[in-house]
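Listed below, chain by chain, are the residues.
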Amino acid sequence: SIDIDGTWMAIGAPGDDIGGQVDRGSIYLFRRMGGRWLQDTRLVGPADAAGGRAGDRFGTSVAVSGHRILVGAPGADGGLVNEGIGI
């Protein structure tokens, strides 16, 4: 998924494998400078009860508004298996 607001663009990569955790997922943030998009940072779900496990698919959906980013992780376990969370 991709979303753009002003000079920020977020690209979800729910299939990213992180630290041996398959499909943990991440998002890539880009910032427009001049006429080019430059990668700013990569974010992964927190490694706690709210996410950060194999199969979370963090980045399946993204939304950017100003300096706020909403990220969906439908495979995350909030309290139930594969309950999904939004961060």
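See the structure shown above.
Read on for an overview of the structure. Computed from a predicted model, the values in this text were never measured in an experiment.

Our next topic: the sheet that holds strand E1 (residues 2–5). Pairing is antiparallel across the open sheet formed by 4 strands, whose spatial order is E1-E2-E3-E4. One side of each edge strand has no neighbouring strand; the edge strands of this open sheet are E1 and strand E4 (36–44). Ignoring strand direction, the axes of neighbouring strands in this sheet form an average angle of 20°. Of the strand pairs in this sheet, E1 and strand E2 (residues 8–13) are connected by 4 bridges, and their pairing is antiparallel. Looking across to E2, one finds that Asp5 is bridged to Trp8.

This part takes up the environment of Ala73. Position of Ala73 among the secondary structure elements: in strand E6 (residues 68–73). A sequence separation of 49 residues divides Ala73 from Arg24, and the C-alpha atoms of the two residues are 8.9 Å apart.

Membership of the largest hydrophobic core is limited to 10 residues, which are Trp8, Ala10, Ile27, Leu29, Phe58, Val62, Val64, Val71, Ala73 and Ala76. Counting residues per element, the ones that place at least two in this core are E2, strand E3 (26–33), strand E5 (61–65) and E6. When residues no more than four places from it in sequence are discounted, the contact partners of Trp8 are Asp3, Phe30, Arg31, Trp37, Asp40, Val64, Gly66 and His67.

The phi dihedral of Asp23 falls on the positive side, at around 55°, and the residue is not glycine. Taking relative accessible area as the criterion, Asp23 reaches 26% and is therefore assigned partly exposed. Despite not being glycine, Arg57 has its phi angle at roughly 60°, a positive value. Checked against the element boundaries, Arg57 lands in the loop between E4 and E5. We classify Arg57 as partly exposed; its relative accessible area is 33%.

So, how was this worked out
- Residues numbered from 1 in each chain as written.
- Predicted model: local features only at pLDDT ≥ 70, side-chain atom pairs only at ≥ 80, totals over all residues.
- Heavy atoms only, no water.
- Pairing = 2+ DSSP bridges.
- Helix = DSSP H or I, 4+ residues; strand = E, 2+ residues; numbered from the N terminus.
- Axes fitted to C-alpha atoms, helices over the stretch in contact; angles between N-to-C directions.
- Core = buried A, V, L, I, M, F, W, Y, C linked by side-chain atoms within 4.5 Å.
- Buried < 20%, exposed > 50% of the residue type's maximum accessible area, 1.4 Å probe, protein only.
- Contact = heavy atoms within 4.5 Å.

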